[in-house]
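Structural overview
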Amino acid sequence: MTKDINRLIQNPIGRLKQIVFCLCIAMAAFFSSCTNDACKESMYTSMQVLLYSKGTPTQATSLDTLSIIAMRNGLPVDTIYKDSSGVSVWELPLDYTSGISKFYIRSNSLRDTLVVRHTNTDEFVSAECGSRVVSHIDTVYFSHGHFEDSISVVNHTVNGAYNGKNVKIYLD
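Conventions adopted
Residues numbered from 1 in each chain as written. Predicted model: local features only at pLDDT ≥ 70, side-chain atom pairs only at ≥ 80, totals over all residues. Heavy atoms only, no water. Helix = DSSP H or I, 4+ residues; strand = E, 2+ residues; numbered from the N terminus. Buried < 20%, exposed > 50% of the residue type's maximum accessible area, 1.4 Å probe, protein only. Contact = heavy atoms within 4.5 Å. Areas by Shrake-Rupley, 256 points an atom, 1.4 Å probe, with all protein chains shown as cover. Core = buried A, V, L, I, M, F, W, Y, C linked by side-chain atoms within 4.5 Å. Salt bridge = Lys/Arg side-chain N within 4 Å of Asp/Glu carboxyl O. Pairing = 2+ DSSP bridges.

Examining the overall build of the chain
When you go through the chain residue by residue, the secondary structure sums to 2 helices and 11 strands. Walking the chain from its N terminus toward its C terminus, one meets helices and strands in the order α-α-β-β-β-β-β-β-β-β-β-β-β. Expressed as a percentage of its 172 residues, the buried residues of the chain come to 29%. Counted over contacts in the chain with a minimum sequence separation of 6, partners at least 24 positions apart contribute 50%. When the accessible area of the chain is evaluated, it comes to approximately 10900 Å², of which 55% is carbon and sulfur surface.

As structure tokens, then:
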């Protein structure tokens, strides 16, 4: 033991080099084991709504001017579209904290609230991405019926990986 202490006292620089070398090896091993992969999956989920005219039910149509505001507890929380024109596909984010999403919709003189009842589940994507909320649409309706002739849910699942057309609204 005294030999080791004497050697350490006689050659402290050599011992310091050994410690620095070991630390460098340990740091290199640590940083090379971590991946720097970014999330390549779509984590954004939104319900897609297509508009059709009753006269041409196979060709998407749009409204002259469109404003859509997401509502929560009767209060506006997000403006999704504001006085937009030519929008035939609506991208509406469903409320991940609730089973009901409401959207106040205004076009020219028409005003109504689109109500979407849905269930939410978390879906694990990857370590880099984490999880995303997947919604299953139960029912969709307008609270006053001012906009539509009929509404059809064509794809009940709303998620980022398989985003597709979810709802078709046929206008009068």
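What to know about the nonpolar core
Counting residues in each nonpolar core, the largest one holds 24 residues, and the members touching the most others are Met47, Trp90, Phe103, Ile105, Leu114 and Ile169. The set of elements that each furnish at least two residues to this core consists of strand E1 (47–53), strand E3 (66–72), strand E5 (89–92), strand E6 (100–107), strand E7 (110–126), strand E8 (130–142) and strand E11 (165–171). The residues contacting isoleucine 105, other than those within four sequence positions of it, are Leu66, Ser67, Ile68, Trp90, Leu110, Arg111, Asp112, Leu114, Phe142 and Phe147.

Considerations on the pattern of salt bridges
Throughout the structure, instances matching the rule amount to 3 salt bridges. With a shortest N-O distance of 3.0 Å, arginine 72 and aspartate 95 are connected by a salt bridge. Of this pair, arginine 72 sits in strand E3 while aspartate 95 sits in the loop between E5 and E6, and the two are 23 residues apart along the sequence. For arginine 72, a relative accessible area of 37% puts it in the partly exposed group. Glutamate 123 is paired through a salt bridge with arginine 132; the nearest N and O atoms lie 2.8 Å apart. Judged by its relative accessible area of 26%, glutamate 123 is partly exposed.

Concerning the sheet that holds E3
One open sheet holds the 6 strands; their spatial order is E4-E3-E6-E7-E8-E10, and the pairing between them is antiparallel. In this open sheet, the two edge strands, each paired with only one partner strand, are strand E4 (75–84) and strand E10 (157–158). Relative to E6, E3 runs antiparallel, the two being bridged by 5 bridges. What sits directly across from isoleucine 69, in E6, is tyrosine 104.

Note that all results are geometric; they support no functional claim without further evidence.
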